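Take a look at the letters that make up each chain.
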Amino acid sequence: MTTASRLDPRPRLLAIWLIVAGAIGLAAAFLLTIDKLDMLRDPNAQLTCSFNVLIGCATNLASWQGSLLGFPNPLLGLIGWTATIAAGVAVLASRGGLARWFWIAFNAGVVLALALVVFLITASLTVLHILCPWCMVTWAVTIPTFWGVTLYNLKSGTIPVPERARRVFVTLSGWVPVLTVASYAVVAVLAQIQLDWIHRAFA
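Bear in mind the structure is a predicted one, so any value in this text is a computation, not a measurement.

It is worth spelling out the UniProt feature "domain: Vitamin K epoxide reductase" (unreviewed entry) in the protein chain at this point. Annotation from UniProt places "domain: Vitamin K epoxide reductase" (unreviewed entry) at residues 11-153. As annotated, residues 11-153 comprises 74% helix and 0% strand, and the C-alpha atoms at either end are separated by 11 Å.

The structure is reproduced here in structure tokens:
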């Protein structure tokens, strides 16, 4: 019996995470959308995300990086996180597991989401020099979602890899929390190097 055949085709823990992460991401996208609408009504509005010179979202929302496709990025979040919740519900509701094409398509979406997050993190740290709180919430749930979905697809054989590599991914899938914390640590170190956020936040 192969590793893939022993795996639960209906990963309940991952499905629950998708629902929780989707709800958190959707809330962050909604708050960013409200702040963007407030900015459109009044460019000098006091936004809910603006705390100090280090933490705020006005700069991000007003930049071209905040509207990569010609419309505000939070609208992508409203769509993407709604789809994530729907995916989690679909996994829980399915009896024999979902089709391979579903997991491949969803994984592609998650990879694109992570690529966007990496771009926005880079822009925030190196160009805009400010940390957007609701954006950071989005980053925080996108990263473990990427690790969880991708490693599930690799260990289950949905993404075809040699059997030896699959066994490695089976082991790594149990380390998603560690991989997530390590990813957070990389972002925190880069933010410290670029923005000196520890000194500025607690000075």
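This paragraph deals with helix α6 (residues 163-173). Taken together, the buried positions of α6 are R166, F169 and S173. The buried residues of α6 occupy one face: seen down the axis, they fall within an arc of 60°. Turned more than 90 degrees off the buried face of α6, the exposed positions are R164 and T171. As for α6, its buried residues are in contact with α5 (133-156) and α7 (176-195).

The next point concerns the UniProt feature "transmembrane region" (unreviewed entry) in the protein chain. The UniProt feature table records "transmembrane region" (unreviewed entry) at residues 12-34, 75-94, 101-121, 127-147 and 168-193. In the segment residues 101-121, helix accounts for 100% and strand for 0%; the C-alpha atoms at its two ends are 30 Å apart.

Before going further, it helps to examine the packing of aromatic side chains. This structure, assessed with the given rule, holds six aromatic pairs. Plain terms: the ring middles of W64 and F119 are 6.0 Å apart, the flat faces sit at 50° to each other, and that makes the pair tilted. Of the two residues, W64 sits in the loop between α2 (58-62) and α3 (73-93) while F119 sits in helix α4 (residues 100-128), which places them 55 residues apart along the sequence. Under the relative-accessibility criterion, F119 is labelled partly exposed at 31%. Here F102 and F106 contribute two aromatic rings whose centre-to-centre distance is 6.1 Å and whose plane-to-plane angle is 10°, an arrangement assigned as stacked. In this pair, F102 and F106 are both assigned in helix α4, four residues apart and thus about one turn of the helix distant.

What follows deals with the state of the cysteines. Summed over the entire model, instances satisfying the criterion amount to two disulfides. The disulfide that involves C49 links it to C57, with 1.6 Å between the sulfurs. Taking the sign of the S-S torsion, about -60° here, the bridge from C49 to C57 comes out left-handed. What links to what in the protein chain: the bonded cysteines, counted in sequence order, pair as 1-2, 3-4.

We now examine the environment of T59. Tracing the backbone shows T59 in helix α2. Contacts of T59, omitting those with residues within four sequence positions, involve L128 and I130.

Our next topic: α7. Note: α-helices contain 3.6 residues per turn, so residues at a spacing of three or four share the same orientation. End to end, α7 covers 28 Å across 20 residues, agreeing with the expected 28 Å (1.5 Å per residue, within 8%). Of all the positions in α7, only V176, T180, S183, A191 and L195 are classed as buried. Down the axis of α7, the buried side of the element spans an arc of 80°, and every buried residue falls inside it. Away from its buried face by more than 90 degrees, α7 exposes V181 and I193. Looking one or two residues past α7, D196 carries a phi angle of roughly 50°, positive in sign.

Cut-offs used in this document
- Position labels on residues start from 1 in each chain and follow its written sequence.
- Given that the model is predicted, a residue must reach a pLDDT of at least 70 before its local features are reported, and side-chain atom pairs must reach 80 or more before they are shown or counted; all residues, however, enter totals for whole chains, interfaces and linings.
- Hydrogens are left out, water is left out, and the side-chain values use all remaining heavy atoms of the structure.
- UniProt positions are given in the numbering used here, feature names are shortened, and annotations may be inferred rather than shown by experiment.
- Helix numbers and strand numbers start at the N terminus; a helix is a DSSP run of H or I with at least 4 residues, a strand a run of E with at least 2.
- Throughout, exposure labels follow a simple rule: accessible area from a 1.4 Å probe, protein chains only, divided by the maximum for the residue type, with under 20% read as buried, over 50% as exposed, and the rest as partly exposed.
- The directions considered for the arc run from the helix axis to the C-beta atoms.
- For this analysis, residues touch if any pair of their heavy atoms sits within 4.5 Å.
- Under the pairing criterion, centres of Phe, Tyr and Trp rings, with the six-membered ring standing for Trp, must be within 6.5 Å; the plane angle then separates stacked pairs below 30 degrees from edge-to-face pairs above 60, leaving the rest tilted.
- By disulfide we mean two sulfur atoms from cysteines, separated by a distance within 2.5 Å.
- Given the number of residues in a helix, its expected span is that number minus one, multiplied by 1.5 Å.

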